[in-house]
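# Observations on chain architecture
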Amino acid sequence: MKAFGVLYLFEWKKILRQGLVPAAILLGVLLLLAANISPLLGTGYYYRYDAQRGTVDRTAMPYGEVEKLRRDSLRALSGQVLDEALMDQLKENYRDSQAGTIQWNLNAYAPFLYLNTMEDQSGASAEGFYRQQAEHFQKESISTPLTDGELAYWQEQAAGLGPMYLDYTGGWQAMVERCGLLCQAAVLLVTAALCRFCSEEHRARTDQLVLSSEKGKTTAFWARCAAGVSFAVGIALVFSALQMALCGALYGMDGFAAPLQLWVEGSFSALHVSMGQLSLILLGLLVLACGMAAVFVMLLSELFGTAIPALVVPFALSAASILELFVGNGRWMEQAASYLPFFRVSADTLQDYYLVTLGSLQLNSIQFSVVLYLLLAGLFGLLYRICHRRYQVTGR
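I will try to describe carefully the structure that is included in this document. None of the values given here were measured: they were computed from a predicted structure.

Here is what the cut-offs are and how they apply
- Residues numbered from 1 in each chain as written.
- Predicted model: local features only at pLDDT ≥ 70, side-chain atom pairs only at ≥ 80, totals over all residues.
- Heavy atoms only, no water.
- Pairing = 2+ DSSP bridges.
- Helix = DSSP H or I, 4+ residues; strand = E, 2+ residues; numbered from the N terminus.
- Expected span 1.5 Å × (residues − 1).
- Buried < 20%, exposed > 50% of the residue type's maximum accessible area, 1.4 Å probe, protein only.
- Phe/Tyr/Trp six-rings, centres within 6.5 Å; stacked < 30°, edge-to-face > 60°.
- Core = buried A, V, L, I, M, F, W, Y, C linked by side-chain atoms within 4.5 Å.
- Contact = heavy atoms within 4.5 Å.
- Salt bridge = Lys/Arg side-chain N within 4 Å of Asp/Glu carboxyl O.
- Polar contact = N/O pair within 3.5 Å; in protein donor to acceptor, adjacent residues only side chain to side chain.

Once that is clear, we can look at the pairing of strand β1 (residues 43-50). Sheet topology note: the β1/strand β2 (residues 55-62) ladder contains 8 bridges and is antiparallel. Looking at the pairing, Arg 48 lines up with Asp 57 of β2.

Written as structure tokens, this is what we have:
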């Protein structure tokens, strides 16, 4: 065990001593800082409502001020259930220009978007809002080619959603929205750090020295695997903590338990989770994805004996995801590509309605991703071990 610990620390030093790694970590941190701070310094749209004329003017305004208006307004309504009494109160607010202006700037929240898109707010009702939410899961409303079983599953999930209550969720919205960038930064950083880490011995011709040592054929291999995976998991946890700290500092952490469907983007999902729970689920998937990516990169490095394929493949998949090259190529291609971490660990996963059926069990995309990532990590690890034994140990 002592030998394993010594070798494990040695492998960690090999990772961190690569000149590219500190620079890549710094670049990732700066990218997250810029992505979170720059929107608040940019320009947003402010809607000014005139109750006498019933008109709305849109003007440019610092985004930070618009977000502050949302935060203060939703905090004043925090904890109130959206029922007919509250809906009547919200409709009454349109009789006053100032109150109406506030509500027109809350379009990021589904109940207010529902009110603001109606020609005549007097006809709005809580029942009508919940009915509109349920209609998102009718066959004619979903563009993806779902089976009857998948439609029935989502309609059942939508029917089981409880009454909605209001709360400010700006911090958790920002968490979910930034998860796609967070995943790109973390997975590609892991790729860049580990692609040379495992192929360096082939390139420097020192692999035979390692094999001839006392622990070179067994313990050294497991120490390297453990170091690579723990580095990847560590990067995911550190970047996730940084992202959460930024969202908490810039927006606040209100609304952890607020229903997902309160957010406009979340209103297209029937998942029974809160805004905070969804954020933690995506961060958990990020940790699994980084661990899986680490084993995959080490496998490619061992298989080809060079860093180039291990670097190119993840970056190519990332580019294909950003450019949406998998979209429009049939259900099976889209469904398979949707399990790439670059898609799954993002807000786009909320509109993935494809299910995976295992016997009598139906798993949605998030549930199956957990199973898939664990299985793939194990499979890549097994193939990595086989390649190592065949090339390095028995092949000598």
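Here we take up helix α3 (residues 63-76). With 14 residues, α3 extends 20 Å from end C-alpha to end C-alpha; this agrees with the ideal 20 Å at 1.5 Å per step. Within α3, burial applies to Val 66, Glu 67, Leu 69, Arg 70, Arg 71, Ser 73 and Leu 74.

Okay, the packing of aromatic side chains next. Applying the stated criterion to the full structure yields 14 aromatic pairs. Consider the rings of Tyr 47 and Trp 104, whose centres lie 6.2 Å apart with planes at 35°: the pair is tilted. Of this pair, Tyr 47 sits in strand β1 while Trp 104 sits in helix α5 (residues 97-104); the two residues are 57 residues apart in sequence, bridging distant segments of the chain. On the basis of relative accessible area, Tyr 47 is assigned to the partly exposed category, the value being 22%.

On to the nonpolar core, then. Phe 112, Trp 154, Leu 194, Phe 239, Leu 260, Leu 278 and Leu 286 are the most contacted members of the largest nonpolar core, which totals 105 residues. Here this core gets 18 residues from one element, more than from any other, and that element is helix α9 (residues 170-204). Excluding residues that lie within four positions of it along the chain, Phe 239 makes contacts with Ile 25, Gly 28, Val 29, Leu 32, Leu 182, Ala 185, Ala 186 and Leu 189.

Our focus in this paragraph is the pattern of salt bridges. Under the defined criterion, the tally for this structure stands at 11 salt bridges. Put simply, Arg 75 and Asp 254 hold a salt bridge, and the shortest N to O gap is 2.8 Å. Residue Arg 75 is located in helix α3, and its partner Asp 254 is located in the loop between α11 (219-251) and α12 (275-304); the two are separated by 179 residues in the primary sequence.

So, about the environment of Gly 5. Inspection of the secondary structure puts Gly 5 in helix α1 (residues 2-16). Along the primary structure Gly 5 and Ala 223 are separated by 218 residues, whereas in three dimensions their C-alpha atoms are 7.7 Å apart.

What follows is about the side chain of Ser 274. You can see Ser 274 is positioned in the loop between α11 and α12. Within the structure, the side chain of Ser 274 is placed 2.8 Å from the backbone oxygen of Phe 256, a separation counted as a polar contact. The residues touching Ser 274, leaving out its near neighbours within four places in the chain, are Phe 256, Ala 257, Ala 258, Pro 259 and Leu 260.

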